[in-house]
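# Observations on chain architecture
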Amino acid sequence: MSADRMENRHAPPGVNSRSQTAAQSAADLEVLREIEHVYFSPPSEFDAARYVLEHAPSPPDCDAIEAMFSKLKRQQQVVSGKALHLISQQRDNCDREFAEIQNIRAQLTDTLETCRKARERLKTASNHLTISTFVILANVRKRQIIKSVLKSLQLLQNLRSVEKDVAELINKKEYYEAIDLILKSKKAAAAHKEYTCIADLATRLQDTLDMTEEKLDSVLASICYNFDEGVFKKLKKAYDLLGKTQAAMEQLHMHYSSAVNESALEAVKPYLNDSSLDMKFQEMCQSVPTTKAPVCLLNLCEKLFLVMRSYYLLVNWHAKNEESVPSSNVFDIEKNVSREYIKQKLKAGLIRIWHDVQVKVSTFLKSSGLEEFPFEKFIQMLGILRKLTQVAEIFCGDTSDLLQDFIKTQSVSYIKNYHRGRMEELKLFLENEGWEQCPVKSTFNIQNLQEFKQFRKYLNPVKAEASMAKAQSDATSSAPSQDDSVYISKYFTEKTSRTPFEIFRNENVTNDDIFGIEPESEDSEESDEEPDELRRDFVDETDRHDYTTTNDYIPSPSKIKESVIVTNTTLSVLRNCGQYLQISRYLPQISLEVIMLMNQLFDYYFYAVHLFFTSDLNVSSSTLYSTKLNSVLKRISNTINVSTEDSASFECPSIPNHLDMESEANLHGLSERIVGVESVIFLAKQYGLLHPYLESIVAQHQRMILEHFRDNTLAVVSDLRMPVYMCSASKAVDARSALIAMSQVRWDVKNVAVEHSPYVDMIIRKIQVFALRLENISSRVTLNVEVINSIWAMVSKFIVHLLVEGFSNATKCSNGGRGLMQLDYRQLFLKLEKISGLKPVPYQDYVDKYVKAYYLPRNELEDFIRENNEYSNKHLIALVSCACENKRDRQALSAIIESKDGTG
């Protein structure tokens, strides 16, 4: 056994490793795990033999030693087999490495040979070359070193002067060159990091670049106030070099927003009595005195326009110089994308900047107390705002809805407040009016007033059609005309500090100039000045005739066909209308509101004249007032002293005490009544003259309002003559004395009289006195034929009613009496016709039908009673009593009369 072991012990290691089975491999792996780690130590640090001897069995035992030996032998075999296996696996790699080692060995041999040859040649050179040759070589080497040092020193010097050079370039506005210098210097510094001082300079260069960018940003901010194409082009080039074009555009828009805010603050600040740095814009606006507000608004718009113009020029520059170029190059595509982004950004910026401007202007207007502006200043304010909206149309194509709505709201509020003052003023004027004719020419109309100077071409029939069409176009469109566009565009494109608002600083400018409205043509037949009659106290001489006064004939006081009767209050109303129309002309969107206020002026004047001059009417008014006249007076009465949310109440005027309505010498104030009524009629005619123009400035669906006022108010003004003139006409003859005289006449005479009754002469004498006094009035008031006829018509109306009243008082009446009645009234009207000049005298039928009714048979008399409602029941009963001899017929007809009264 031991011999076998010994034989196996000396066998070659790992002989049986290739025939190992899987079980043997597992056993070998187990053997490897049992090997102590210390055996794997380097030989220099571990002695295996000594270690085994030290760990031999004690006491020594042959079996134990043999077992240990077998274990160690087994471990050796396993380790050797494993190593051989690994070596066989890495044999190819090992061969390659050995080949590389051989190659390196050959190269080392060649290197050693080269070094040997070099040493031999150096030795030969040292034996043959002189010392001077080596000096030359040393100097060349030194020169190369010095040139390198000088180059480095020059770089250091240039880097140290970059900050100064950049500052000079910035001052010369050479922004691109400055940025280019900094970037090149940074690149050079990065290439020479070996120098410690260069590293410090690189930090300073970065600081210089940051400071330069801040300087560029400040220059960019200044562009917002005055766009300079050359400066911006250089800035754009510099930012392109930095690769910050889009960022610069974002920053520029922020600067423009700040510029709008700063410009607004700077514009308002000079007009504050006490400004604080902590005040907000709205607080500053509220602190601006009302007297300074108009000029402050002008300054605000001028400042804001400069910012808008700068942005407008910026957008135009980009449109001209930054067109996209079609290309498939990636770099060009990126540039085109950037250009498109900037283009969209600029387009959106137009609307945003205009919105900021609107907010600033609206804030100022809300806080400036517009209602306290004088009228001319308010018109100027409208002109400024209109000009601003035209600027916006050119700037961004916006219709300025926000500002337009605000202007409309504020203007309506102002005009209503202004109107309230004018109504109070009108009430004062009416209560103190002397009702004397204002001396004007017979051709005078509203075109002669300065306030209507701008409207002459609309009121001139020759030019009216074309002018109306233009006015209607202006009313329906808020966009500026082509002339306006050209005018305003000039300020956007010209290199000047002027603005389209400078026109408002010219003291000689007219409102038409302000609003860009075509002025009156110079060949107009109307004078630009007000008539001399409105400034001098004289009346044109009118041809008058001396008439011989006889008992039988007194001519009409006047033969004038046309005359103009106006008062100072009438002119005041017309001037107010002119001012109102100026507002509607400059702000057509509130035209209807303005026209309604004009109509209120007319209504109030109309109502006051009626109130003043019909308060003493002492006869029945049922036949004096037409249905439309009653309706108008009722409507106006309902609006006076009635306050609504939309309009303030207006106090009813008080009847003045200074008017003499009792004196017979002046026909109970007939002169004042004539002036009052005719001034209203003249006023209505002027409103009618304005009607076509008013229709042209309102929307189509609003015209029916104007037509209703024309047809139901202006058209019935002349009806006011009847009740007013009746107040004097009814006092021309003393009704009580006349009735007493008529009662003394016997109407039951059997024979027809050949002479008229005495009361006819009494009435004629009174009429003659009336005519003489009317002639005296005509010396103070220019009475035309229409006025005279209206007065005499009322005299006639009063007389026929007086005659019917007197005839109805007769208890008995024969055929002869009826003939006498006809003789009396025919004689009376014959005289009245000669005195008044009326042919025929009106209202004769009233008495004629009444007298002839006495002759009607029973059936026709019944029809007469049923059909004629203008006679009172008293008159009809008296007629029945005298005309019907049959008692039953009298009772039947009286019953019809009474039932008629009950039905009515």
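Whatever comes next refers back to the structure up there.
Residues numbered from 1 in each chain as written. Predicted model: local features only at pLDDT ≥ 70, side-chain atom pairs only at ≥ 80, totals over all residues. Heavy atoms only, no water.

### Focus: a nonpolar patch on the surface
The cut-off we apply is this: What goes into a patch is any residue over 30% in relative accessible area without a salt bridge, connected to like charges within 9 Å or, for nonpolar side chains (Val, Leu, Ile, Met, Phe, Trp, Tyr), within 5 Å. Per-residue and other accessible areas were derived by the Shrake-Rupley procedure at a 1.4 Å probe size, with only the shown protein chains allowed to occlude residues. Just to be clear on terms, a salt bridge is a Lys or Arg side-chain nitrogen sitting within 4 Å of an Asp or Glu carboxyl oxygen. Every helix listed is a DSSP run of H or I at least four residues long, and every strand listed is a run of E at least two residues long, numbered separately from the N terminus. For every residue, the accessible area (1.4 Å probe, protein chains only) is compared with the maximum for its type, and the residue is labelled buried under 20%, exposed over 50%, or partly exposed between those bounds.
A cluster of nonpolar side chains, Met596, Met704 and Ile705, forms an exposed patch at the surface whose accessible area comes to about 280 Å². Within the fold, Ile705 resides in helix H24 (residues 703-712). Judged by relative accessible area, Ile705 falls into the partly exposed class, the value being 35%.

### Some points on the pattern of salt bridges
Side-chain pairs of opposite charge can arise whenever the charged atoms involved come near each other. Following the criterion strictly, the structure yields 26 salt bridges and no others. Notably, a salt bridge pairs Lys427 with Glu431, separated by 2.8 Å at the nearest N-O pair. Here the residue Lys427 and the residue Glu431 both occupy positions in helix H15 (residues 401-432), the gap between them amounting to four residues, near one helical turn. Exposure remark for Lys427: the relative accessible area of 15% places this residue in the buried category. Assessed through its relative accessible area of 17%, Glu431 is described here as buried. Across the pair Arg858 and Asp889 runs a salt bridge whose closest N-O atoms are separated by 3.6 Å. Separated by 31 residues along the polypeptide, Arg858 in helix H31 (residues 858-867) and Asp889 in helix H33 (residues 887-903) bring together distant segments of the chain.

### Observations regarding the packing of aromatic side chains
Selection rule: Each Phe, Tyr or Trp ring (for Trp, its six-membered ring) is paired with any other whose centre lies within 6.5 Å, and the angle between the two planes then decides the class: stacked below 30 degrees, edge-to-face above 60, tilted in between. When the NZ atom of lysine or the CZ atom of arginine is within 6 Å of a ring's centre and also within 35 degrees of its normal, the charge is said to sit over that ring.
Per the stated rule, a full pass over the model turns up 30 aromatic pairs. Ring plane angle 75° and centroid distance 6.3 Å describe the contact between Phe305 and Phe501, whose orientation is recorded as edge-to-face. In this pair, Phe305 is assigned in helix H12 (residues 293-321) and Phe501 in the loop between helix H18 (482-493) and helix H19 (511-515), connecting sequence segments 196 residues apart. Each ring, one from Tyr414 and one from Tyr418, has its centre 6.0 Å from the other, and the planes form 15°; the classification is stacked. In this pair, Tyr414 and Tyr418 both sit in helix H15, four residues apart, roughly one turn of the helix. In terms of burial, Tyr414 and Tyr418 fall into one category: buried. Put simply, the rings of Tyr846, Tyr850, Tyr854, Phe864 and Tyr871 touch in pairs and so form one group of aromatic residues. When the ring centre of Phe281 is taken as reference, the NZ or CZ atom of Lys360 above it lies at 4.8 Å.

### So, the side chain of Thr569
Test applied: Contacts are assigned to residue pairs with any non-hydrogen atoms lying within 4.5 Å of each other.
Mapping Thr569 onto the fold places it in helix H20 (residues 568-586). Judged by its relative accessible area of 1%, Thr569 is buried. Each residue touching Thr569, except ones within four places of it in the same chain, is listed here: Leu426, Phe429, Leu430, Glu433 and Tyr605.

### A closer look at helix H27 (residues 758-778)
Just so we agree on the cut-off: An expected span of 1.5 Å times one less than the residue number is assigned to each helix.
With 21 residues, H27 extends 31 Å between its outermost C-alpha atoms, agreeing within 8% with the 30 Å of an ideal straight helix rising 1.5 Å per residue. Those residues of H27 hidden inside the fold are in contact with helix H23 (670-696), helix H25 (721-729), helix H26 (735-743), helix H28 (785-808) and helix H29 (815-836).

### Here's the deal with the environment of Pro656
Looking at the secondary structure, you find Pro656 in the loop between helix H22 (627-639) and H23. Given a relative accessible area of 10%, Pro656 falls into the buried group. A C-alpha to C-alpha distance of 8.6 Å links Pro656 and Glu433, two positions 223 residues apart in sequence. Residue contacts for Pro656: discarding those within four places in its chain leaves Glu431 and Phe612.

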